[in-house]
There are 4 protein chains.
Amino acid sequence: MSLTPEQLAEIEAQRATPRPTLRAVSEGMEARLYKAHQVLDHGLIRVIDYMGDDAAIVQAARVSYGAGTKHVSNDEGLIRYLMRHWHSTPFEMCEVKFHVKLPVFVARQWIRHRTANVNEYSARYSILDREFYIPQPEQLAAQSTVNNQGRGEVLSGEESARVLEMLKRDAATSYDHYEQMLSQDGQQGLARELARMNLPMNIYTQWYWKVDLHNLFHFLRLRADSHAQYEIRIYAEEMCRIVADWVPLAFKAFEDYRLGGETLSGRAVAVLKRRLAGEVVTQEESGMSKGEWREFCEVWG
Amino acid sequence: MSLTPEQLAEIEAQRATPRPTLRAVSEGMEARLYKAHQVLDHGLIRVIDYMGDDAAIVQAARVSYGAGTKHVSNDEGLIRYLMRHWHSTPFEMCEVKFHVKLPVFVARQWIRHRTANVNEYSARYSILDREFYIPQPEQLAAQSTVNNQGRGEVLSGEESARVLEMLKRDAATSYDHYEQMLSQDGQQGLARELARMNLPMNIYTQWYWKVDLHNLFHFLRLRADSHAQYEIRIYAEEMCRIVADWVPLAFKAFEDYRLGGETLSGRAVAVLKRRLAGEVVTQEESGMSKGEWREFCEVWG
Amino acid sequence: MSLTPEQLAEIEAQRATPRPTLRAVSEGMEARLYKAHQVLDHGLIRVIDYMGDDAAIVQAARVSYGAGTKHVSNDEGLIRYLMRHWHSTPFEMCEVKFHVKLPVFVARQWIRHRTANVNEYSARYSILDREFYIPQPEQLAAQSTVNNQGRGEVLSGEESARVLEMLKRDAATSYDHYEQMLSQDGQQGLARELARMNLPMNIYTQWYWKVDLHNLFHFLRLRADSHAQYEIRIYAEEMCRIVADWVPLAFKAFEDYRLGGETLSGRAVAVLKRRLAGEVVTQEESGMSKGEWREFCEVWG
Amino acid sequence: MSLTPEQLAEIEAQRATPRPTLRAVSEGMEARLYKAHQVLDHGLIRVIDYMGDDAAIVQAARVSYGAGTKHVSNDEGLIRYLMRHWHSTPFEMCEVKFHVKLPVFVARQWIRHRTANVNEYSARYSILDREFYIPQPEQLAAQSTVNNQGRGEVLSGEESARVLEMLKRDAATSYDHYEQMLSQDGQQGLARELARMNLPMNIYTQWYWKVDLHNLFHFLRLRADSHAQYEIRIYAEEMCRIVADWVPLAFKAFEDYRLGGETLSGRAVAVLKRRLAGEVVTQEESGMSKGEWREFCEVWG
């Protein structure tokens with residue numbers, strides 16, 4: 001991604017003139033506002049606006065619990081308590097709006113998270129730019145042999161080169177034809193809403209995406225996870241760094257309870273208790289399937 | 001409603017120290033922030049936070065429509081266009097958070113609007129205050145004879161006095177018993193989550209309510225309507241004044257297209273066209289039921 | 001709850017005439033349809049309609065995962081896999097509609113779950129019946145001394161009697177006055193939408209509540225939990241029995257992974273791993289707060 | 001679309017064995033269940049399941065309004081009343097599940113309707129089929145000159161042929177390369193989650209889409225509208241025919257009030273009233289913009 005001089009100037013202008021406000025202010029987020037954080041080859045994430053901070057979470061929770069939470073002596077303790085007990089509404093009191101540029105096949109995964117507000121650049125109204133995601137060679141991996149939805153080993157140099165060649169050539173050809181179909185030079189020119197169908201799914205689109213902190217955490221738990229596809233995970237990881245600056249206490253609690261935590265089934269709890277009591281438990285005795293047992297052992301040995 | 005000196009001092013403190021921000025700022029909303037607007041006898045609405053302004057709506061729409069909307073020469077024209085064509089996502093880009101104090105029976109209607117974030121004061125954790133909604137005599141009206149969900153004539157002075165006496169006495173008795181049940185003076189004291197069941201539905205509760213502008217407009221269209229119950233409509237009307245200060249262009253469009261507009265069925269369109277052509281049309285010819293015809297004639301004569 | 005002869009006859013009539021359908025049928029649910037399951041003193045739950053069964057979950061998942069899941073040899077394994085990995089959309093493919101009669105203070109908790117469809121009996125249009133929740137003496141407990149939102153010991157007989165007397169008397173008085181305010185006998189009669197405000201929150205209301213299985217599981221996880229208030233938990237427990245008959249495989253997976261499972265923070269995982277390795281870990285070393293450590297030890301000893 | 005003999009046999013099997021149910025049954029929908037309705041060249045819509053019928057809407061409304069609606073003498077009148085007054089919750093009591101096969105660029109518009117449940121065939125797990133939407137020549141239209149998001153005149157035969165040639169060739173090439181990248185014949189074979197990015201947006205995908213009737217009406221109002229893109233409108237029109245068989249009374253009310261109705265701004269109401277009184281009103285006097293006036297005159301002359 002290289003921003004044009006015009007775009008850089010626009011960001012500078014947006015950052016040039018602070019104005020007074022009586023609202024809650026997060027210094028960590030003010031330092032981020034409008035700046036473009038590069039993701040993938042042509043993608044980006046920018047914070048366009050935000051509402052609330054760690055104190056807003058606490059404030060909302062104290063409305064709910066009134067005197068009942070006064071014994072939790074500090075904000076960090078209360079935020080950890082809320083996260084531990086799956087309280088969602090106080091986290092919903094914070095809101096953030098991102099500008100994201102991303103490949104269409106990533107956008108198609110992303111949009112499955114329905115509890116958010118979206119304005120996407122429309123290819124019915126407007127012409128898409130000639131920008132395609134072409135993976136780095138180290139991201140070109142074979143189909144995983146153990147996971148139907150994952151990647152295995154990196155492709156050999158020769159195979160990798162063949163793949164890159166095909167991706168680049170097909171993108172270029174499709175876009176050339178897109179332009180030719182749209183052209184009104186010596187012909188009528190196909191409607192934009194039709195011509196777009198020829199474009200491959202690694203073309204970039206962009207949108208404004210606005211979401212509350214609770215639903216953002218849910219998105220990040222699934223998409224910053226090691227099982228998520230790399231091309232969406234890298235966006236989620238960038239957002240994790242942004243959220244850590246915005247609401248540091250809430251993010252630390254999220255990191256401990258969700259990103260770094262584990263969920264155990266009743267069967268798994270029973271196995272762990274037997275192990276703590278010194279027993280050796282086999283898969284057959286565990287009541288777990290082979291797949292579940294393998295996942296269990298990856299965590300607990 | 002009379003705020004305590006502590007509450008007034010807290011509002012003063014919240015308004016005392018503006019801080020610099022790079023975000024969009026609405027001057028009309030800054031003038032409102034934290035201040036308590038009285039509603040009913042003990043209720044209030046306060047703006048606690050907001051995100052976005054008229055320009056944020058336009059900005060989001062231009063991401064969607066790109067070059068396609070450049071011919072709409074100004075922001076007001078674009079906002080009116082979006083409202084006229086039922087575009088919802090640009091209006092979702094603005095968000096507002098209110099602190100509301102309201103009677104429980106009003107809260108029960110309000111909460112039916114599901115697309116919002118809520119933190120309500122919890123009567124499981126905390127003790128409710130001795131504050132009840134007692135209507136003004138001019139609000140004490142008889143059941144409407146034409147509308148199953150509305151009010152008719154104001155009650156006579158004598159009947160009105162009887163009603164007020166019952167409302168006040170029952171509220172006082174219920175609250176006295178609530179306190180006696182909770183008391184740990186010489187007894188164990190009933191759990192708060194149980195004692196609350198004795199309280200009548202005109203007791204006041206409070207919550208933080210956060211909503212995007214599109215869904216707020218939907219709420220206001222239904223609740224600022226003349227058919228809404230007075231006790232919720234008066235909250236909606238106060239919110240209309242607040243929104244008019246926050247996003248003046250969007251509010252004016254909302255006022256013209258939604259609050260001041262009309263929806264016609266296909267049958268009603270056909271009748272109006274015949275009338276415009278000089279015909280006289282009767283209810284029988286209109287295809288409308290008597291009720292529908294009555295509503296139609298109330299608007300069109 | 002004693003159903004009137006008319007109500008019993010209506011249920012009989014609804015169950016009398018099976019009709020042929022080509023849709024998925026759950027025998028366990030057919031046996032439940034329309035029947036009234038009593039909850040609390042005057043409450044009930046009835047299944048009015050349902051869509052889908054265990055096979056519908058599997059079918060939806062196979063659209064998502066195509067050949068990718070063929071190696072999961074059976075339906076039960078696939079359903080457990082989906083539950084373990086927090087896949088929500090296949091469970092959303094089942095839907096159920098309940099008729100519920102419940103006290104208003106329970107309804108106020110229940111409605112906080114926003115992802116559901118609700119039609120509640122309206123006290124603006126209609127007159128509420130004289131039915132109030134009066135707890136059994138063994139449910140009248142003191143405020144918990146360790147939990148701000150819970151109950152402790154059962155009240156002594158004498159205190160319990162005082163509480164019951166107050167609850168019954170206030171309910172009766174409020175309802176008498178409600179009727180007197182509504183009466184048009186020798187007076188105008190107050191509008192229903194106003195008179196209702198005098199009623200206490202243990203009065204019964206009723207609604208149709210329609211929800212998909214994923215969101216129902218979310219509701220049940222929170223409300224069938226031992227920390228939920230008894231008066232809503234007993235509804236959730238009845239619904240668990242109904243769901244077990246409707247989608248037995250999905251319910252068993254839910255029971256194992258959610259109701260019977262545990263969630264561990266990263267800190268708790270670290271402590272358990274050290275314990276499994278034979279170490280003794282103290283609260284101070286754990287990084288957990290006292291409250292968190294107490295909850296941890298309740299599960300793990 | 002030509003279904004394979006296996007697919008036809010599967011549909012036959014699904015329709016072969018009716019089973020008894022006590023639930024509400026819609027005969028019109030039973031006749032539709034599982035059958036494939038062709039849309040576009042390779043697309044389809046099938047009804048997989050449904051819940052409720054016209055009577056379920058009425059039943060839910062009567063819970064809400066109790067005695068209050070008894071004066072509406074019949075079901076059709078009540079359903080029209082609900083639609084006219086924007087009551088949404090009774091219509092939410094009906095639910096339908098479709099199996100839809102559709103081009104990706106159509107799916108991207110469709111998914112913007114968030115209040116629905118979706119399970120899409122996953123190209124991370126599975127290999128997409130070689131099926132692309134290639135428009136009929138009469139659908140190949142030029143960009144509209146008056147509407148930035150619409151189509152104008154049909155392309156001339158020669159230009160049309162050039163476009164079709166490009167669409168077909170690029171689809172074939174992209175799919176050939178997709179297969180070559182995936183192939184494990186003499187090479188490692190690229191992961192499916194990566195290879196898919198080379199496919200153009202006219203490739204077909206499929207999903208299960210489940211929605212309640214209120215939100216389906218909202219979808220149909222926007223997508224069966226003449227301003228919607230043809231390629232999604234034709235799906236919406238097929239669904240209109242299905243819904244008309246499912247809930248005939250509700251569909252007729254929807255047709256009259258939404259599809260055939262008009263929405264007027266306050267300014268438009270004022271102009272119509274002046275016209276009804278015999279005045280001639282110009283655009284300048286109307287307070288409307290030129291665009292709004294043009295739209296107004298298209299309806300009212």
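Read on for an overview of the structure. (Residues numbered from 1 in each chain as written. Chains lettered and ligands numbered in written order. Predicted model: local features only at pLDDT ≥ 70, side-chain atom pairs only at ≥ 80, totals over all residues. Heavy atoms only, no water.)

1. Notes on the interface of chain C and chain D
Often, the extent of an interface is quoted as the loss of accessible area upon association of its parts. We apply this condition: Only heavy atoms matter for contacts: two residues are in contact if any of them lie within 4.5 Å across the pair. Computed with a 1.4 Å rolling probe, the buried area is the accessible surface lost when two parts are put together, summed over both parts. Any carboxyl oxygen of Asp or Glu that lies within 4 Å of a side-chain nitrogen of Lys or Arg is treated as forming a salt bridge with it. A 3.5 Å cut-off defines polar contacts: any pair of N or O atoms within that distance qualifies, except that in protein one atom must be a possible hydrogen donor and the other a possible acceptor, and neighbouring residues in sequence count only when both atoms are side-chain atoms. Under the scheme used here, helices are H or I runs from DSSP no shorter than 4 residues and strands are E runs no shorter than 2 residues, and both carry numbers assigned from the N terminus. Under this grouping Gly is polar, as are all residues other than the nonpolar Ala, Val, Leu, Ile, Met, Phe, Trp, Tyr, Cys and Pro and the charged Asp, Glu, Lys and Arg. A pair of strands is labelled paired if DSSP reports no fewer than 2 bridges between them.
Listed as interface residues are 51 residues of chain C and, on the opposing side, 51 residues of chain D. In this assembly, chain C packs against chain D so that about 4,700 Å² is buried in total across both faces, 52% of it on carbon and sulfur atoms. Together, Leu22, Arg23 and Met51 of chain C form the three largest contributors to the area buried by chain C at its contact with chain D, with a combined 19%. Taken together, the links from chain C to chain D amount to 6 salt bridges. The closest approach of N and O atoms between Arg19 of chain C and Glu27 of chain D, which form a salt bridge, is 2.7 Å. For the pair chain C and chain D, the number of links is 26 residue pairs in polar contact (both at pLDDT 80 or more). Looking at the side of chain C that touches chain D, the elements with two or more residues in it are α1 (5-16), β1 (19-21), α2 (27-30), β3 (43-51), α3 (54-65), β4 (95-103), β5 (117-120) and β8 (204-212) of chain C. Its residues placed into classes, the side of chain C that touches chain D shows 24 nonpolar, 15 polar and 12 charged. Strand direction decides the pairing type here: β1 of chain C and strand β1 (residues 19-21) of chain D, joined by 3 bridges, are antiparallel. Bridging from a neighbouring strand, Thr21 of chain C pairs with Arg19 of chain D of β1 of chain D.

2. Remarks on the sheet that holds strand β3 (residues 43-51) of chain A
In a beta sheet, neighbouring strands are held together by backbone hydrogen bonds and run either parallel or antiparallel to one another. Residues and elements named next belong to chain A. Put simply, the rule is: For helices, the axis comes from a line fit to the C-alpha atoms of the stretch in contact; other axes are also lines fit to C-alpha atoms, and the angle between any two N-to-C directions lies between 0 and 180 degrees.
One open sheet accounts for 5 strands, arranged β2-β3-β4-β8-β5; its pairing is antiparallel. The strands lining the two open edges of the sheet, one partner per strand, are β2 (37-39) and β5 (117-120). Taking each pair of neighbouring strands and ignoring which way they run, the sheet shows an average axis angle of 25 degrees. Where helix α8 (residues 213-223) meets the sheet, its contacts fall on β4 (95-103) and β8 (204-212), and the angle it forms with β8 comes to roughly 125 degrees.

3. Things to note about the environment of Leu82 of chain C
Within the fold, Leu82 of chain C resides in helix α4 (residues 75-84). For the pair Leu82 of chain C and Ala172 of chain C, spaced 90 residues apart in sequence, the C-alpha separation works out to 51 Å.

4. Side note on the interface of chain A and chain D
Taken together, the 63 residues of chain A in the interface contact 63 residues of chain D. Here chain A meets chain D over a buried area of about 5,600 Å², counting both sides, of which 49% is carbon and sulfur. Looking only at chain A, the three residues that lose the most surface to chain D are Arg124, Gln188 and Met197 of chain A, adding up to 13% of its buried area. Run the count over chain A and chain D and you get 4 salt bridges. We note a salt bridge from Arg151 of chain D to Glu193 of chain A, for which the minimum N-O separation is 2.5 Å.

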